[in-house]
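Next come the chains, spelled out residue by residue.
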Amino acid sequence: METTLVILKPSAILHGYAGQIINRFQQKGLVIHGIKMMQLSDELLREHYAHLVDRPFFPDLMKSMQASPVIVMALWGKDAVEVVRMMTGATNGRKALPGTIRGDFSMSGQENIVHASDSLENAEIELRRFFKPEEILHYEPTFLNYTYEPAELL
Ligand code: TYD
């Protein structure tokens, strides 16, 4: 099993889409092991988007990510990183396929509703960045036997 990080960005919060998006992940079978609302600081965002600091759109990205509090989530499941990235869709909402979150809720490259970790290695780094260890609560819901076959639970 893996745990991945999802951020419901201000574009999700300010549209009132948080519930619908959280529901999609739960309906898929992903389990919420951590969830909280927070206002992202300059320092945290510069670290999180370090690969983009030199891009011309970076100041707009900072402003966009600080337009309201965000909801951060730790989602647990089999191959959770890949499954959540597939559910998220392409970066630009206009290019993201219908059925993906960005494909269904976004028309923008910047205002694209969610962040999702892009590899297991980055998920581990990002979970540490946004959560204290005690804020991630490991438990196994009773529905697991109806979500996975036995071999998938090993
Ligand atoms: P990136 O890590 O490339 O994509 P993803 O979120 O799909 O992993 O980019 C991070 C965020 O930066 C992206 O979600 C929105 C913003 N962004 C722009 O505003 N314009 C751009 O051209 C790119 C590449 C990203």
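For the rest of this paragraph, the subject is the side chain of asparagine 92. Following the sequence through the fold, asparagine 92 ends up in the loop between α5 (80-88) and α6 (101-105). Among residues more than four places away in sequence, those in contact with asparagine 92 are Ser108 and Gly109.

Quick look at the site of the ligand now. The immediate surroundings of the ligand are formed by Lys9, Tyr49, His51, Leu52, Phe57, Leu61, Arg85, Thr91, Arg102, Gly109, Gln110 and Asn112. One of the side-chain N or O atoms of arginine 102 is found 3.0 Å from an oxygen atom in the ligand. At a separation of 2.9 Å, an oxygen atom of the ligand approaches a polar side-chain atom of asparagine 112. Relative to its free-state accessible area of 500 Å², the ligand is covered by the protein chains to the extent of 77%. In the shell around the ligand, the residues fall into four nonpolar, five polar and three charged.

Here the focus is the sheet that holds strand β2 (residues 31-38). Strand order across the open sheet formed by four strands is β2-β3-β1-β4, with antiparallel pairing between neighbours. Every other strand in the sheet has two partners, leaving β2 and β4 (114-116) as the edge strands with one partner each. Adjacent strand axes in the sheet meet at a mean angle of 20° when their direction is disregarded. With three bridges joining them, strand β1 (residues 2-8) and β4 adopt antiparallel strand pairing. When the sheet's bridge partners are listed, isoleucine 7 is paired in β4 with histidine 115. Across the sheet, α5 lies against β1, β3 (70-77) and β4, angled at about 30° from β1, the strand it touches most.

Within the fold, threonine 100 resides in the loop between α5 and α6. For threonine 100, a relative accessible area of 9% translates into the label buried. Engagement of the side chain of threonine 100 in a polar contact is seen with the backbone oxygen of leucine 97, the distance being 2.6 Å.

Another aspect to go through is α5. Among all positions of α5, only Ala80, Val81, Val83, Val84, Met87 and Thr88 are buried. Where the residues of α5 are buried, they touch β1, α2 (18-28), β3, α6, β4 and α7 (120-130).

With that settled, consider the pattern of salt bridges. Taken as a whole and assessed by the stated rule, the structure comprises three salt bridges. For the salt bridge of aspartate 104 with arginine 24, the shortest nitrogen-to-oxygen distance reads 2.8 Å. Of this pair, aspartate 104 sits in helix α6 while arginine 24 sits in helix α2, and the two are 80 residues apart along the sequence.

Looking at the secondary structure, you find glutamine 39 in the loop between β2 and α3 (42-48). Residues glutamine 39 and arginine 129 lie 90 residues apart in sequence; the distance between their C-alpha atoms is 14 Å. Apart from residues lying up to four places away in sequence, glutamine 39 is in contact with Gln66, Ser68 and Pro69. At 3.1 Å, the side chain of glutamine 39 and the backbone oxygen of glutamine 66 are in polar contact.

What counts and how
Residues numbered from 1 in each chain as written. Predicted model: local features only at pLDDT ≥ 70, side-chain atom pairs only at ≥ 80, totals over all residues. Heavy atoms only, no water. Helix = DSSP H or I, 4+ residues; strand = E, 2+ residues; numbered from the N terminus. Contact = heavy atoms within 4.5 Å. Near = heavy atom within 4 Å. Polar contact = N/O pair within 3.5 Å; in protein donor to acceptor, adjacent residues only side chain to side chain. Areas by Shrake-Rupley, 256 points an atom, 1.4 Å probe, with all protein chains shown as cover. Nonpolar A, V, L, I, M, F, W, Y, C, P; charged D, E, K, R; others polar. Pairing = 2+ DSSP bridges. Axes fitted to C-alpha atoms, helices over the stretch in contact; angles between N-to-C directions. Buried < 20%, exposed > 50% of the residue type's maximum accessible area, 1.4 Å probe, protein only. Salt bridge = Lys/Arg side-chain N within 4 Å of Asp/Glu carboxyl O.

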